[in-house]
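# Summary of structural features
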Amino acid sequence: MRQRLSSEPDRYRGRRRVPTPPRSRYAVAVTSAFVGAGVVALGAAANLPDQKQVDVQSLKGLGTVQAADDALAEREAGQAASRSDSRDAAAKTKVSAADATADVWLLPLEEFEFTGPYGVRWGKLHAGIDLAAHEGLPYKAVHAGKVIQAGYYGGYGYAVTIQHDDGTEAIYAHSRRLLVKKGDVVKAGQVIGQVGNSGASYGTHLHLEIHVDGKPTDPIPFLRQRGVDIKLQVESVYAGMAAAS
Ligand SMILES: [Zn+2]
């Protein structure tokens, strides 16, 4: 390090000009690094003749660093201006993203434990998945659609069935309370009911079924293909949009 420094004439001259006690040797190195970063900005903003002068000034203390900081701040202000341009562009993108939210798939609950898989159990098809959650926890539509059933529905207890635009259906069962009625149009993520223990249910949970062409299918791979991983409790709007497009 020392070897390298003294082999650079500019720096060497600077060090000679400003005798450096041991304490400030570190400071010099740091200051040079700072100014080094600011040189481009200084060159543009203050139109300094050459880098040599910057190096020498840097040894004189914080004034130059301050100048460099100012130049950087100025440059950042310029960038902020162009950032606000890109924010406008982002806002435009956001609008088109909002248009695309019809394609979004989401998790039905904020907090839950996956307790029951889809499949045959006790000789009977368990046609959905069970997600244990606190009594009364709001559950949300995994996808936009139209409510085609809402009310007490035999073993399902208080249940909501939502038909999506692609013709698939989601059934949310064993609710304590329903917050939508038949004919309502809901968005993905809209709260449609509260977790309960109604119907043929043993323990407070949400039973979620997905029907494709009127037949139940395993919601786990179905949702995973749409960017929602029930087991990992991850929802990816972008993956969902990608899957939908
Ligand atoms: Zn179930």
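Quick caveat, the model's predicted, so the values are computed rather than measured.

Our focus in this paragraph is the coordination of the zinc ion. On the protein side, the zinc ion has His126 (NE2), Asp130 (OD) and His207 (ND1) as donor atoms, found 1.9 to 2.1 Å from it. Expressed as a motif, the donor residue spacing for the zinc ion is H-x3-D-x76-H. Owing to a relative accessible area of 6%, Asp130 belongs among the buried residues under this scheme.

Our next topic: the nonpolar core. Leu109, Tyr139, Val160, Tyr172 and Ile192 are the most contacted members of the largest nonpolar core, which totals 29 residues. Secondary structure elements with two or more residues in this core: strand E4 (129-132), strand E7 (158-163), strand E8 (169-178), strand E10 (191-195), strand E11 (205-212) and helix H6 (219-224). Contacts of Val160, omitting those with residues within four sequence positions, involve Tyr139, Val147, Gln149, Ala150, Ala170, Ile171, Tyr172, Leu178, Val180 and Ile192.

For Val180, the location among the structural elements is in the loop between E8 and strand E9 (185-186). For the pair Val180 and Gly151, spaced 29 residues apart in sequence, the C-alpha separation works out to 9.3 Å. In contact with Val180, other than residues within four places in its own chain, are Val147, Ala150, Val160, Val186, Gln190, Val191 and Ile192.

Before going further, it helps to spend a moment on the side chain of His207. For His207, the position within the fold is in strand E11. A polar side-chain atom of His207 sits 3.2 Å from a polar atom in the side chain of Asp130. Here the side chain of His207 touches Glu209 through a polar contact of 2.8 Å, side chain to side chain. When neighbours within four sequence positions are excluded, His207 is seen to be in contact with His126, Ala127, Gly128, Ile129, Asp130, Tyr156, Ile171, Tyr172, Ala173 and His174.

The next thing to look at is the confidence of the model for the chain. Summary statistics for the chain give a mean pLDDT of 74 and a share of 55% for residues scoring 70 or more. In the predicted structure, residues 1-65 sits below a pLDDT of 50 and forms 45 contacts with residues beyond four places in sequence or in another chain. Note that pLDDT drops below 50 for residues 90-96; the model gives that stretch zero contacts with residues more than four away or on any other chain.

Given two aromatic rings, one states the distance between the centres and the angle between the planes to describe the pair. On inspection of all chains with the given rule, the structure shows four aromatic pairs. Residues Tyr139 and Tyr172 carry aromatic rings whose centres are separated by 5.6 Å and whose planes lie at 10 degrees to one another, so their mutual orientation is stacked. Taken together, the residues Tyr139 in strand E5 (residues 138-140) and Tyr172 in strand E8 connect sequence positions 33 residues apart. Across this residue pair, the class does not change: Tyr139 and Tyr172 are buried. Residue placement shows Arg226 over the ring face of Trp105; its charged tip is 5.4 Å from the ring centre. Arg226 extends its terminal NZ or CZ atom over the ring of Phe222, reaching a point 3.7 Å from the ring centre.

Reading the values: rules and limits
- Residues numbered from 1 in each chain as written.
- Predicted model: local features only at pLDDT ≥ 70, side-chain atom pairs only at ≥ 80, totals over all residues.
- Heavy atoms only, no water.
- Donors = N, O, S within 2.8 Å, 3.2 Å for Na, K, Ca; no water.
- Buried < 20%, exposed > 50% of the residue type's maximum accessible area, 1.4 Å probe, protein only.
- Core = buried A, V, L, I, M, F, W, Y, C linked by side-chain atoms within 4.5 Å.
- Helix = DSSP H or I, 4+ residues; strand = E, 2+ residues; numbered from the N terminus.
- Contact = heavy atoms within 4.5 Å.
- Polar contact = N/O pair within 3.5 Å; in protein donor to acceptor, adjacent residues only side chain to side chain.
- pLDDT = per-residue confidence, 0-100.
- Phe/Tyr/Trp six-rings, centres within 6.5 Å; stacked < 30°, edge-to-face > 60°.
- Lys NZ or Arg CZ within 6 Å of the ring centre and 35° of its normal.

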